[in-house]
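Letter by letter, the chains look like this.
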Amino acid sequence: MIIEELPENAARIVREWRRDGKTICLVPTMGYFHEGHLSLMKHGLQLADKVIVSLFVNPTQFGANEDLSVYPQDLEGDCHKAERTGVDLLFCPAASAVYREKHQTVVSVKDVSNRLCGLNRPGHFDGVATIVTKLFNMFSPEFALFGEKDYQQLVVIKTMVSDLDMPVTVKGVPTIREHDGLAMSSRNSYLDPEERAIAPVLYETLNDIRTSFKTKKTPAAVLPLVEKAKAKITRFTQCSVDYLEVFDERDLSPAEVISENCRAAGAIRINGKVRLIDNLSMK
Ligand code: AMP
């Protein structure tokens with residue numbers, strides 16, 4: 001596996017691969033790899049001849065009071081995991097090499113960025129769309145993979161690619177979970193044992209909504225199910241709900257009645273500090 005910090009060197013390596021007729025898949029990440037990240041890498045290896053993993057804790061997608069300065073890192077461990085998985089290039093640039101002096105361009109995908117997580121994290125998806133655009137321009141990949149774990153991010157990127165005619169195929173990869181349902185996340189490392197024991201409640205409530213939809217003969221109204229789910233979460237005094245919603249998974253528009261095209265998603269905070277997100281398809 002090649003490990004490269006400099007964008008121009010990494011881009012040159014990838015250009016040579018392309019000249020040799022190789023197809024390229026990009027997997028953007030912020031590192032601290034778990035099985036969810038490795039699943040994206042494995043999918044990439046099935047899709048293309050060469051897999052590039054970018055490892056970059058992108059400052060522009062963090063708000064002023066968020067966890068940029070404490071975001072977990074383990075470059076050495078990540079290198080081993082990526083290499084063992086079969087990744088061809090790990091691109092781990094410094095922030096100053098990505099956002100050079102006087103950087104002033106922002107990519108903004110309007111409507112789908114301003115709901116759900118966008119309400120609690122203003123500017124977050126502009127940061128995501130901007131870094132992903134830069135990575136697409138550096139490497140011109142045929143494929144790019146994103147986890148369904150961050151479902152809104154996947155929709156933002158797909159919308160951007162369609163709106164701007166970007167020549168890349170974006171695919172979503174299913175969420176990998178712990179044995180008790182908790183979606184794997186680098187941020188789970190912030191949880192102390194008591195918080196970790198509570199954390200699966202988010203998945204459980206999303207699953208309750210899905211089960212109610214699947215077992216009811218008549219169309220299930222969203223509101224009572226969401227209220228019940230919120231009550232189940234806030235039973236734990238440590239928990240608060242940023243949002244819990246059911247929406248059409250194609251464009252994130254709110255749903256009043258659940259159908260197979262819907263997804264339930266939520267963001268909760270435990271003890272005010274650890275923010276967890278998750279979502280579940282109603283299919
Ligand atoms: P991150 O490093 O958290 O920015 O995640 C990098 C990529 O991995 C994103 O496309 C995420 O959606 C995806 N990802 C994160 N957690 C999971 C998971 N539990 N299962 C599948 N994909 C995931």
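As the structure is a computational prediction, the values presented were derived from the model and not from experiment. (Residues numbered from 1 in each chain as written. Predicted model: local features only at pLDDT ≥ 70, side-chain atom pairs only at ≥ 80, totals over all residues. Heavy atoms only, no water.)

A. Region of interest: the site of the ligand. In the neighbourhood of the ligand, 18 residues make up the surrounding shell, with His37, Gly147, Asp150, Ile176 and Met184 lying closest. A distance of 2.6 Å separates an oxygen atom of the ligand from a polar atom in the side chain of aspartate 150. Taking 490 Å² as the accessible area of the ligand by itself, protein coverage stands at 93%. Sorting the residues of the shell around the ligand by element identifies strand 2 (24-29), helix 2 (35-47) and strand 5 (143-147) as the ones contributing at least two each. (Near = heavy atom within 4 Å. Polar contact = N/O pair within 3.5 Å; in protein donor to acceptor, adjacent residues only side chain to side chain. Areas by Shrake-Rupley, 256 points an atom, 1.4 Å probe, with all protein chains shown as cover. Helix = DSSP H or I, 4+ residues; strand = E, 2+ residues; numbered from the N terminus.)

B. Structural view of the nonpolar core. Ile52, Val132, Phe136, Phe139, Phe146, Ile157 and Met160 are the most contacted members of the largest nonpolar core, which has 44 residues in total. In terms of residue count, the dominant contributor to this core is helix 7 (residues 124-139) (nine residues). Two domains each provide a minimum of three residues to this core, namely domain 1 (2-173) and domain 2 (186-281). Dropping the residues within four chain positions of it, isoleucine 157 is found in contact with Val128, Ala129, Val132, Phe136, Phe146 and Val170. If you look at the next biggest cluster of nonpolar residues, it comprises 28 residues, including Leu202, Leu206, Val246 and Ala264. (Core = buried A, V, L, I, M, F, W, Y, C linked by side-chain atoms within 4.5 Å. Buried < 20%, exposed > 50% of the residue type's maximum accessible area, 1.4 Å probe, protein only. Domains from an automatic or database assignment. Contact = heavy atoms within 4.5 Å.)

C. Representation of the packing of helix 7 against helix 8 (residues 151-163) within the structure. Between helix 7 and helix 8, whose axes approach to 10 Å, the crossing angle comes to 55°. For the element pair helix 7 / helix 8, the angle class is oblique. The chirality of how helix 7 crosses helix 8 is right-handed. Residues Phe125, Val128, Ala129, Val132, Thr133 and Phe136 of helix 7 pack against Gln152, Gln153, Val156, Ile157, Met160 and Val161 of helix 8. For the contact of helix 7 with helix 8, a count of residues per class yields nine nonpolar, three polar and no charged. (Axes fitted to C-alpha atoms, helices over the stretch in contact; angles between N-to-C directions. Parallel < 35°, antiparallel > 145°, perpendicular 65-115°, else oblique. Left-handed = near helix turned anticlockwise from the far one by under 90°. Nonpolar A, V, L, I, M, F, W, Y, C, P; charged D, E, K, R; others polar.)

D. Up close: the pairing of strand 5. Among the five residues in strand 5, five count as buried, and that is most of the element. Alternating positions in strand 5 separate into two faces, Phe143, Leu145 and Gly147 on one and Ala144 and Phe146 on the other, with burial throughout. The sheet contact formed by strand 2 and strand 5 spans two bridges and is parallel. Across the sheet, leucine 26 pairs through a bridge with alanine 144, a residue of strand 5. Handedness of the crossover joining strand 5 and strand 6 (residues 169-173) through helix 8: right-handed. (Pairing = 2+ DSSP bridges. Right-handed = clockwise from strand over helix to strand, strands pointing away.)

E. Local environment of the sheet that holds strand 6. On the basis of which strands lie adjacent, the open sheet formed by six strands has the order 1-4-3-2-5-6 and parallel pairing. Edge strands, defined here as strands with exactly one partner in the open sheet, are strand 1 (2-4) and strand 6. Taken pair by pair, the neighbouring strands of this sheet meet at an average axis angle of 25°, ignoring direction. Of the pairings in the sheet, the one linking strand 1 to strand 4 (residues 89-91) comprises three bridges and is parallel in character. Its bridge partner being in strand 4, isoleucine 3 is matched across the sheet by leucine 90.

F. Looking closely at the pairing of strand 8 (residues 262-270). Here strand 8 lies mainly inside the structure; eight of its nine residues are buried. The pairing of strand 7 (residues 239-248) with strand 8 spans nine bridges and is classified as antiparallel. Directly across from tyrosine 243, in strand 8, lies its bridge partner alanine 267. By the bridge criterion, eight bridges tie strand 8 to strand 9 (residues 274-281) in an arrangement that is antiparallel. Residue pairing across strands places alanine 264 opposite leucine 280, the latter belonging to strand 9. The antiparallel pairing of strand 8 with strand 9 creates a hairpin that spans three residues between the two strands, and asparagine 271 there sits at a positive phi of about 55°.

G. Main features of the domain arrangement of the protein chain. According to the domain assignment, the protein chain contains domain 1 (2-173) and domain 2 (186-281). For domain 1 and domain 2, the distance between their C-alpha centroids amounts to 26 Å. In total, about 1800 Å² of surface goes out of reach between domain 1 and domain 2, with carbon and sulfur atoms giving 52% of it. It is Arg115, Leu116 and Tyr151 in domain 1 that bury the most area against domain 2; as a group they hold 34% of the surface buried on that side. Linking domain 1 with domain 2 are three salt bridges, by the criterion used here. (Buried area = accessible area lost by both parts, 1.4 Å probe. Salt bridge = Lys/Arg side-chain N within 4 Å of Asp/Glu carboxyl O.)

H. Fine view of the sheet that holds strand 8. Reading across from one edge, 7-8-9 is the order of the three strands in this open sheet, with antiparallel pairing throughout. Each of the sheet's edge strands pairs with one partner strand only, and the pair in question is strand 7 and strand 9. Sheet twist, expressed as the average angle between the axes of neighbouring strands with direction ignored, equals 10°. On the sheet, helix 11 (residues 222-234) packs against strand 7 and strand 8 and is oriented at approximately 155° with respect to strand 7.

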